[in-house]
Amino acid sequence: MIYRIRFGAMIETDAVMRPEMAAKLLQGLDGKKGGLFDCIQIRKEEAIYCRLDRKDAVYGLGEQVRGINKRGWIYNSDNSDNPHHHEDTTSLYGSHNFLVIAGEKNYGIFLDYAGKVAFDVGYTEQDMLLIRPEDWNFDLYLFEGDSVKEIVRDFRRMTGRCYIPPKWAFGYGQSRWSYYSADEVRQIVKKHRENNLPLDAVYLDIDYMDNYKDFTVNGEAFPEFAEFVREMKRQHIHLVPIIDAGIKKEDGYSVYEEGKEKGYFCKKEDGSEFVAAVWPGHAVFPDFFHEEAREWFGNQYDYLLKQGIDGFWNDMNEPAIFYSEERLLQVFEKLESFKGKNLGMDDYFGMLDLVNGLSNNREDYESFYHDYRGRKIRHDKVHNLFGAFMTRAASEAFERLQPEKRILMFSRSSATGAHRYGGIWQGDNKSWWSHLRLNIRMCPSLNMCGFLYTGADLGGFGSNTTEDLMLRWMEFGIFTPLMRNHSAAGTRCQEIYQFKNLDAFRNILQFRYRLLPYLYSEFMKAALADEMYFQPLAFEYPEDDMASQVEDQLLVGESLMIAPVCEQNARGRYVYLPEEMKMYRLKQNGELESGILSAGHQYVAAELEELIFFLRKGHALPLAAGGNCVEEVDFDHLTVLTFGDGEISYRYYRDDGESRDYDNPDHISVLHVKGDCEMTAE
Ligand code: GLC
């Protein structure tokens, strides 16, 4: 059962696709008793209160720091560019206002709201979840269900099917800020190919552009771009350029000139252009909320599509702002006043804050406007939707421009609803072991909110990675739908051939390509049925008290459980098995060794080079022979691994990975197997 309660007059977010699923429209909670109504109290203009029992777990909120169980911290929906995030951080790049309280009673909450919200999950009072929106103009949805899974499915159904990428986008991608020329990219590809390291994509960061101008290519570094794209395609490599939200303000630059002439950029209160600095210096920001502007911006992608590009990543779309001209002047003036002064504590720290507070400043977000469905709306009121609407611009354009084909699209900033238009990567992380753990924990939370095509920068973006971290991260990364190694300028190069133990990296990466029939099939089934690809153990074993406390193991699809090693120098780890499972160890020579482990806590040895994973009883795992790119992988001839007696059946999803007829029943075949076997899928 889904209930909807309307407060005030909300600004449409377009997050909900099927409002009719909310069978009951309530005026408020007054007088309501029983079920979830015994746990929730609403004090208008103040907060929504949910009482938490000691055993209740709180799941969801998508892209946030800390655990799978979110209890014990404050999380804000306030999209923020934060390349230095850690445990203390309260908001990241996306806003996903959906959570589920699991315990004696299971219920879900979704705040359909574009503004800032604080979710105080037992921080102020351990046994209380407090939800505080900035103003009371929103729709509140309450979900009642027998299980967490059912509530998540209802939420997903209500908000619409998630984005589905092309099959090649399940291959491995190599990225770096930046590869500065076509020759450098050729080298990257050559090194992978000559070392037998599978590869499907190379990412082009901001330096492929002419002076950071979107929809241009630096002709000197990347001459005859279209021909270069074809040359790469002949080697089965897709080039994936970045697109930034800010448009360089430069006379003569056609995108700027045209957008300006048509009035498509965000404006200040007096109607003049809002200008702020990003990579190219002064930039303007397309008004993605304005339908015509959104269509116009989307059409710009055609410049690259026409040159054979079939994948993009949208960035800096919170939007990230280095500084606005007005703020910079104020800061300079203030700094000037410090000159020659004897700076005490307050002045000194105040001075530092002034400079540090230049970027992504709230006052800047309050100083420009959107034209949204005929209303002038101040940016901060819809801030959390800005990146989502940029991704929407791209996705709607792809459907117009290339209706037959899937285009890869993922974004940094997002909000609920954007899951229909693209995937997301998990932003600027660091080469820290804690961020490997964060990557693992964030995946199921994002899946709950509809973001299935996701992954983090493997090896870590900022800071210098280490060989062991890179390898352990790859051991988890081979299970994430988006599998990309990306690192920041100035950090240690982390293409995997840079490391000594190349055989180990090769072994792990090649195994990803063996897993592809399973990973792709599970992704597609989950996407089409509004289910999760990565699940916390608690969702599948709700009666198991221990399972709900596991924060570093996940179920991947219906057959597998993974337990990544994420401690430096560990040569194994404790694993919790909610039931008897078959454990596999990928040995350094590429062979799989298996053994049955009984339910309970088990210590499992796993040397740095060894991948471990678990097959659930009564389930099957279809494997391919592998390949150096997705196109080389034979999805028809399979080795099927099984655990259990008697016949085991597996619903296998296969398609061309390119067209959009996802629901064609011919894509499903049922594999019937008895014991491990080789087989050809019908
Ligand atoms: C942002 C992105 C990062 C990219 C960099 C340069 O920090 O999050 O992935 O490499 O900008 O474009």
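Now for a quick tour of the structure. Everything numeric in this text was worked out from a predicted model, so none of it was measured.

In this structure, the amide linkage connecting Trp177 to the following residue, Ser178, adopts the cis form with an omega of 0°. With an omega dihedral of -5°, the bond running from Glu318 to Pro319 counts as a cis peptide bond. Along the chain, Pro319 falls in the loop between strand 19 (311-315) and strand 20 (323-324). The backbone phi angle of Ser463 is positive, close to 70°, even though this residue is not glycine. Among the residues examined, Ser463 registers a relative accessible area of 29% and is labelled partly exposed. The backbone phi angle of Asp530 is positive, close to 55°, even though this residue is not glycine. Among the secondary structure elements, Asp530 is positioned in the loop between helix 14 (502-528) and strand 29 (534-535).

Taken together, Trp177, Asp205, Ile206, Ile242, Trp279, Trp313, Asp315, Arg412, Trp425, Asp428, Phe461 and His486 form the complete shell of residues around the ligand. Within the side chain of Arg412, a nitrogen or oxygen atom sits 2.9 Å from an oxygen atom of the ligand. In the complex, 97% of the free accessible area of the ligand, which totals 310 Å², lies under the protein chains. A per-class count over the shell around the ligand returns 7 nonpolar, 1 polar and 4 charged.

A sheet is described by the order of its strands in space; here 9 strands give the open sequence 26-25-23-19-15-14-13-28-27, paired in parallel fashion. In the strand order of this sheet, the two ends are held by strand 26 (454-455) and strand 27 (457-458), each with one partner.

Reading the values: the criteria
Residues numbered from 1 in each chain as written. Predicted model: local features only at pLDDT ≥ 70, side-chain atom pairs only at ≥ 80, totals over all residues. Heavy atoms only, no water. Helix = DSSP H or I, 4+ residues; strand = E, 2+ residues; numbered from the N terminus. Buried < 20%, exposed > 50% of the residue type's maximum accessible area, 1.4 Å probe, protein only. Near = heavy atom within 4 Å. Polar contact = N/O pair within 3.5 Å; in protein donor to acceptor, adjacent residues only side chain to side chain. Areas by Shrake-Rupley, 256 points an atom, 1.4 Å probe, with all protein chains shown as cover. Nonpolar A, V, L, I, M, F, W, Y, C, P; charged D, E, K, R; others polar. Pairing = 2+ DSSP bridges.

That is the geometry; function is a separate question.
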